Amino acid sequence: MTLVIEQSARARLITSADGQPTVRVTLRYDSADPLAIHITFPPGASLDGRPVPWTFARDLLESGLRTPSGSGDVHIWPCGRAQTILEFHTPEGIALAQMDTGPLRRFLLRSYAVTAPGDEAVALDLDRSLSALMREA
């Protein structure tokens, strides 16, 4: 059985322009993909007017809430006690978003209630087994 958690949160976009616009992002966890966290920025946050989805490791979010983490396209680090910075790298450049740590931590804890840390492989095997049974039925 696949379980999906979605949570809305605010993100402040850090830009070189005056002001730092705040947008609503959607955080998503799907037990069918237990190692990943998905975050989608709304169309207004992109250059082409389309939603911007990002997927990264759930353990990257967990470690990034405590210490600078990440290599490659996504980096996450704490900014004081109450804020977290998410840095996204694309061929077009780098995007930075600042979010309250509390909602990120709560979302992560909700994902752990679905799939405990360390049980991701078990969840993947169970999901594959159920899918195989359904195909055979």
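Worth saying up front: this structure is predicted, and the values here are computed from it rather than measured. What you see as residue numbers is a count from 1 along each chain, following the sequence as written. Local features are withheld for residues below a pLDDT of 70 in this predicted model, meaning they are given only at 70 or higher, and side-chain atom pairs are given and counted only at 80 or more; totals for whole chains, interfaces and linings count all residues. Hydrogen atoms and water are omitted, and side-chain values are computed over all heavy atoms in the structure.

Caption draft 1: Expanded view of the nonpolar core. Ranked by size, the top nonpolar core spans 25 residues in total, and within it I39, F41 and F56 carry the most contacts. Once residues within four sequence positions are removed from consideration, F56 is found in contact with L35, A36, I37, I39, L61, V74, I76, L86 and F88. The nonpolar core is taken to be a set of buried Ala, Val, Leu, Ile, Met, Phe, Trp, Tyr and Cys residues, with the residues joined through side-chain atoms within 4.5 Å. Relative accessible area decides the class of each residue, using a 1.4 Å probe on protein chains only: under 20% of the type maximum gives buried, over 50% gives exposed, and in between gives partly exposed. The contact definition used throughout considers only heavy atoms, calling two residues in contact when any of these lie within 4.5 Å.

Caption draft 2: The packing of aromatic side chains, seen in detail. Pairing of aromatic side chains here covers Phe, Tyr and the six-membered ring of Trp, requires ring centres within 6.5 Å, and sorts the geometry by plane angle: under 30 degrees stacked, over 60 edge-to-face, intermediate tilted. Tallied over the entire structure, the rule returns two aromatic pairs. When the ring of F41 is compared with that of F88, the centres are 5.6 Å apart and the planes differ by 80 degrees; the resulting orientation is edge-to-face. With F41 in strand β3 (residues 36-41) and F88 in strand β6 (residues 83-90), this residue pair connects regions lying 47 residues apart in the sequence. Judged by its relative accessible area of 5%, F41 is buried. Owing to a relative accessible area of 2%, F88 belongs among the buried residues under this scheme. Taken together, the ring pairs in this structure connect F41, W54 and F88 into an aromatic cluster. Labels follow the DSSP assignment, with helices taken as runs of H or I lasting at least four residues and strands as runs of E lasting at least two, numbered in each case from the N terminus.

Caption draft 3: Structural view of the sheet that holds strand β2 (residues 22-30). A sheet is described by the order of its strands in space; here seven strands give the open sequence β4-β3-β2-β1-β7-β6-β5, paired in antiparallel fashion. Bordering the open sheet on either side are β4 (52-57) and β5 (74-79), each of which pairs with just one other strand. Each neighbouring strand pair of the sheet contributes to a mean axis angle of 30 degrees, computed without reference to strand direction. Two strands make a pair as long as DSSP finds a minimum of two bridges between them. Relative to strand β7 (residues 93-100), strand β1 (residues 4-14) is paired through four bridges, and the arrangement is antiparallel. Bridge assignment links R12 to a residue of β7, and that residue is Q98. Packing against the sheet, helix α2 (residues 101-114) makes contact with β1, β2, β3, β6 and β7, and its axis sits at approximately 160 degrees to β1. Under this scheme, a helix contributes an axis fitted over its contacting stretch, all axes are lines through C-alpha atoms, and angles between N-to-C directions fall in the 0 to 180 degree range.

Caption draft 4: Structural detail: the side chain of H38. On the secondary structure map, H38 appears in strand β3. Residue classification places H38 among the buried positions, given a relative accessible area of 16%. Pairs of N or O atoms are called polar contacts if they sit within 3.5 Å, as long as, within protein, a hydrogen donor faces a hydrogen acceptor (for residues adjacent in sequence, only side-chain-to-side-chain pairs). Within the structure, H38 has its side chain in polar contact with the side chain of T55 (distance 2.8 Å). The contact partners of H38, leaving out residues within four places of it in the chain, are T26, L27, R28, D33, W54 and T55.

Bear in mind that shape data such as this cannot, by itself, settle questions of function.
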